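Chain by chain, the residues run as shown.
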Amino acid sequence: MKRFISSLFLILFFLPIFALYTIKGKIIDSGSQVPIDFANVALTKSNSETPATGVTTDDKGNFLLPQVPKGKYTLRVSFVGYNTLNIPLNVSDNELDMGVIKLFEDSKTLSEVEVVGQGSQMSFELDKKVFTVDKNIASAGGSASDVLQNIPSVDVDGEGNVSLRNNSSVEVWINGKPSGLTADNRAQVLQQMPAESIEKVEVMTNPSAKFKAEGTSGIINIVLNKKRKAGYYGSVSAGAMYVDKAKPTGTLGLNINYSSSKFDAYLNVGLRAMDFKGGGYFDRYGLNGTDTISLLHQVSDMGRGYQGLFGRAGVDYHINDKHTISLSGFGMLGSGYSSSTIDYEFYNYDDNLKLIPANRLFTRSNTGTGTRPSSSLTLDYRFDIDKLGSNLMSSFTLSPHKRTGIETIVETENRVDTINDNYTQNYEGNNDELEFKLDYTKIYSTNQKLELGINAMGETRYSPAEAFDNLVTPRKEIKSYYNNFVQYENNFAAYATYGSKYGNFTYQAGLRAEYFIRDWDNSYYENENDLEPITKAGTQYKKLNLFPSAFVSYSLPDKNELQLNVTRRIQRPHGREINPFRNYSDASNVSYGNPNLLPELSTAFELNHIKSWDNHTLSSSAYYRYTDDVMQSVQFLNSVGIMESTTMNLAKSSNLGVEFVAKNRILKIINLTSTLNLYYNKINASSYASIYNPSLITIIPEKELFSWNVKSMANVILGKNTFLQVTGDYSAPRLIAQGKESASYAVDLGLRQTLMNKNLSLNLMVRDVFNTRKRTTITYGSGFYQNSQTYFMGRMIGLTATYNFGNMKPKQSDKKASSDMNMDGGMD
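Read on for an overview of the structure. It should be emphasised that the depicted structure is a prediction, and the values quoted were computed from it without experimental measurement.

**Quick notes on the overall build of the protein**
So, step 1. Within the protein one finds 5 helices and 49 strands.
So, step 2. Across the 828 residues that make up the protein, the buried fraction comes to 52%.
So, step 3. Counted over contacts in the protein with a minimum sequence separation of 6, partners at least 24 positions apart contribute 68%.

Okay, structure coming up:
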């Protein structure tokens, strides 16, 4: 600790001793002489195309580049619709006051400018890739889940589960905060969030120590639209959606933004209704050694839908040039329904392995309704300490999420037309989260930055469930179905990171400490005659973990760059994964959580190479991830032929792969963003016993598999006001604990036409053009082999109209500045 404090003292007080100078100026329109705010000002060394630093002008057109080392540079000034200006500079011994710089309007056609804003624009930073998506045509009128489906390295399955590089241990944040999103509720929130509310998506496969350590495969941060420019503007939208075999639905949206010298405010409201139809089949073969002795064949039809309101609002108050206080939040209200019909057919095999006609046929129908109110409210404070960008930020976030449901299950014996079961199940899922953050950033120069912070989070989850038998009058509680699981979590963290840049060499090192505490208790009835449930307290889990991170970057000649990073991450079990409640909604499959689950810890190494040309960028990554105590779903076949599913810690797994992400501009009318991921996956051998029946032992042999996936998005300018977007993806077979998932592919289309001087846009989208987004799996274990196929929705067609209004229009300058200034992967 003394050594760490001494080192920190040296960094704070003795490192920034170099001679540094300031460049300042003002940007105006050459014709009107009006200042241009949000113009991009980038400084590059004379022998490099990569920006060393950059800023955007303020609302008076002024810019300031502080503490620039001596040397020869080029000052590049750009703004959408104007000619880019390149000015040679020689920084010597004096402050450089550039005075007034005039930009001249560009004579190029508007269509050439528009290509900058089309599609999923990609930029690289030291610890993340950034994709701007507010012009994504194929997601217009869709949801946040649709947006993520088109992001390289990200996958979203039919149930809304998100994975990154084929790993579901990923955190999804909103505006840099968890916002109460968990594996239990984020699918519902993302499906309700309108795609139009999203500006960009940040993908961090190896986040630094500054960020919460949860999520072994990384963090996906959804940044919502919030632009600042004097005046007001907004948009209204309306759309219609149709999913194969489902009823048509619609969407409505309203967005308003207002900015002045003292206030920034925004309001986004979206009303969405969706209806889906799905289904699938399931074949399970009972085995006695190598002989097949039985077959269970299931066919299912599923329907689900929801309708709800998603709202988001915020206001920033600029007390003065240094102090800003903000209040923001989002909320959703809605209800939904679900229905399913599962037909069961049981067969046996004779001694000659010949299939005997079905010995039992029955049907189980499930119908349910539910609500899912969710919200998140954040109070932020920012203190801008100096002109270099040093600042102190604090935030307090309250995020309550709730889900309620009522489900009625009826089981009918088909041959004799009798009802075996008829019961109603009531359940809730509640998640209340409080979080406080304090972050301090000290910028010594454009090349040196220190970050310190603390973070405290408290979370309570409770999920009561009960069931009643409808075959008796008055109906009677089924006490074996009663459960009330309560979980309390606290996480206290502190971090420090330091980054610097010397010439072509950039590095960042950090350490995060997290002290995590979890308590839980569970209430249940031991037998049907008990008058009161008993409450059992679980064993407290508490652990201090350290998470180091290191990032190194080196700029090579001819627009080449190398990056190396190393991080350590954790995935802790939460919610349904540890809740021991047994779910009997499927007569042949019982699922429950495992309160004895341990966190999985992962160490990741990643080597990146970035090569840039005038119209092309290629990022190549080699990565290795080693994980202990891997959490995966494990299945047991019990003595009465019922499959039991739970989550358990596997021994170890390792992933080794290479990923290529390319951005290409072709013939000035095509923007192409593509990703190719090739990887080797290995899961070590392990064996596990059921927590309810220790005699049920599953042995999982060592498995390994080479796999790959590819995703490509093409944005094509068909005319001055007409744009086309085509997205395709393919995934080869993937490894799971007791088998594998088969290959899958899909194609999405989008078409946009702008009218009325671009104030009105019409968007047509077709998702899953060939109706191929289906999940096929093969699993096996002691005494069984099974294959299944499921799909949760079919082809979706949508048409959306959007009208923009106001005394100004949102510009793309802020997004282009981000691209210009972050391609070097340097300090931000």
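**Thoughts on the pairing of strand E19 (residues 323-349)**
So, step 1. Both strand E18 (residues 291-318) and E19 contribute to a ladder of 25 bridges, which runs antiparallel. Note that in E19 the partner of Gly305 across the bridge is Tyr337.
So, step 2. Two strands pair when backbone bridges link them, and E19 and strand E21 (residues 374-384) are joined in this way by 10 bridges, in the antiparallel orientation. Residue pairing across strands places Ser328 opposite Thr378, the latter belonging to E21.
So, step 3. Both E19 and strand E20 (residues 355-371) contribute to a ladder of 14 bridges, which runs antiparallel. Residue pairing across strands places Tyr344 opposite Phe362, the latter belonging to E20.
So, step 4. Here E19 hands over to E20 after 5 residues, with Leu353 in that stretch at a positive phi of 60°.

**A short note on the packing of aromatic side chains**
So, step 1. Overall, the coordinates contain 15 aromatic pairs when judged by the stated rule.
So, step 2. Judged by centre distance (6.0 Å) and plane angle (35°), the ring pair of Phe505 and Tyr507 falls under tilted.
So, step 3. Given a relative accessible area of 33%, Phe505 falls into the partly exposed group.
So, step 4. Accessibility expressed as a relative area gives 23% for Tyr507, which makes it partly exposed.
So, step 5. These aromatic residues form a ring-pair network of at least three members: Tyr344, Phe346 and Phe362.
So, step 6. We note Arg304 situated over the ring of Phe276; from NZ or CZ to the ring centre the distance is 4.6 Å.
So, step 7. Against the face of Tyr791 rests Lys774, its NZ or CZ located 5.2 Å from the ring centre.

**A closer look at unusual backbone geometry**
So, step 1. Between Thr473 and Pro474 the backbone carries a cis peptide bond, its omega angle lying at -10°.
So, step 2. With respect to the helices and strands, the residue Pro474 is situated in the loop between strand E24 (448-469) and strand E25 (476-477).
So, step 3. A positive phi angle, close to 55°, is found at Asp629, a residue other than glycine.
So, step 4. Within the secondary structure, Asp629 is located in the loop between strand E34 (616-628) and strand E35 (631-637).
So, step 5. For Asp629, a relative accessible area of 29% corresponds to the partly exposed category.
So, step 6. Notably, Asn771 is not glycine yet its phi reads approximately 60°, a positive angle.
So, step 7. Of note, Asn771 is situated in the loop between strand E46 (760-767) and strand E47 (775-781).

**A short note on the sheet that holds strand E31 (residues 583-586)**
So, step 1. One open sheet accounts for 4 strands, arranged E31-E32-E36-E35; its pairing is mixed. The sheet is open, and its two borders are formed by E31 and E35, each paired with just one other strand. For this sheet, the mean inter-axis angle between neighbouring strands, taken without regard to orientation, is 35°.
So, step 2. As paired strands, E31 and strand E32 (residues 589-591) are joined by 2 bridges and run antiparallel to one another. What sits directly across from Asn583, in E32, is Ser591.

**Considering empty space enclosed by the protein**
So, step 1. Within the structure shown, the criterion is met by 7 cavities of 30 Å³ or more.
So, step 2. Space inside the second largest cavity adds up to approximately 180 Å³.
So, step 3. Elements represented by at least two residues in the lining of the second largest cavity include exactly strand E15 (231-243), strand E16 (249-259) and strand E17 (263-288).
So, step 4. Counted by class, the lining of the second largest cavity contains 7 nonpolar, 10 polar and 2 charged residues.

**Quick word on the environment of Arg582**
So, step 1. On the secondary structure map, Arg582 appears in the loop between strand E30 (560-571) and E31.
So, step 2. When the C-alpha atoms of Arg582 and Tyr592 are compared, they prove to be 4.7 Å apart, with 10 residues separating the residues in sequence.
So, step 3. Only 3.0 Å separates the side chain of Arg582 from the side chain of Tyr584, close enough to count as a polar contact.

**Quick word on the environment of Lys543**
So, step 1. Turning to its location among the elements, Lys543 is positioned in strand E29 (residues 541-556).
So, step 2. Overall, Lys543 belongs to the partly exposed group, its relative accessible area being 40%.
So, step 3. The spacing of Lys543 and Glu514 is 29 residues in sequence and 8.1 Å in space, taken between C-alpha atoms.

**Some remarks on the nonpolar core**
So, step 1. The biggest cluster of nonpolar side chains holds 26 residues, and the ones touching the most others in it are Leu148, Val154, Val162, Met193, Ile198 and Val201.
So, step 2. Of all the elements in the fold, those that place two or more residues in this core are helix H3 (144-149), strand E10 (154-156), strand E11 (162-164), strand E12 (170-174), helix H4 (186-192), strand E13 (198-204), strand E14 (218-224) and E19.
So, step 3. Ranked by size, the runner-up nonpolar core spans 20 residues in total, among them Tyr21, Ile36, Tyr82 and Ile87.

**Focus on the pattern of salt bridges**
So, step 1. In total, this model carries 19 salt bridges according to the counting rule given.
So, step 2. Measuring nitrogen to oxygen at the nearest pair gives 3.2 Å for the salt bridge that ties Glu451 to Lys210. Placement of Glu451 in strand E24 and of Lys210 in the loop between E13 and E14 is noted, with a sequence separation of 241 residues between them.
So, step 3. By relative accessible area, which is 26% here, Lys210 ends up partly exposed.
So, step 4. One salt bridge in this structure joins Lys682 and Glu702, with 3.8 Å as the shortest N-O distance.

What counts and what doesn't
Residues numbered from 1 in each chain as written. Predicted model: local features only at pLDDT ≥ 70, side-chain atom pairs only at ≥ 80, totals over all residues. Heavy atoms only, no water. Helix = DSSP H or I, 4+ residues; strand = E, 2+ residues; numbered from the N terminus. Buried < 20%, exposed > 50% of the residue type's maximum accessible area, 1.4 Å probe, protein only. Contact = heavy atoms within 4.5 Å. Pairing = 2+ DSSP bridges. Phe/Tyr/Trp six-rings, centres within 6.5 Å; stacked < 30°, edge-to-face > 60°. Lys NZ or Arg CZ within 6 Å of the ring centre and 35° of its normal. Axes fitted to C-alpha atoms, helices over the stretch in contact; angles between N-to-C directions. 1 Å grid on protein atoms, 1.4 Å probe; cavity = no way out; pocket = protein on both sides within 12 Å on 5 of 7 lines; lining within 4 Å. Points joined across faces, edges and corners; volume = space filled by probe spheres on them. Nonpolar A, V, L, I, M, F, W, Y, C, P; charged D, E, K, R; others polar. Polar contact = N/O pair within 3.5 Å; in protein donor to acceptor, adjacent residues only side chain to side chain. Core = buried A, V, L, I, M, F, W, Y, C linked by side-chain atoms within 4.5 Å. Salt bridge = Lys/Arg side-chain N within 4 Å of Asp/Glu carboxyl O.

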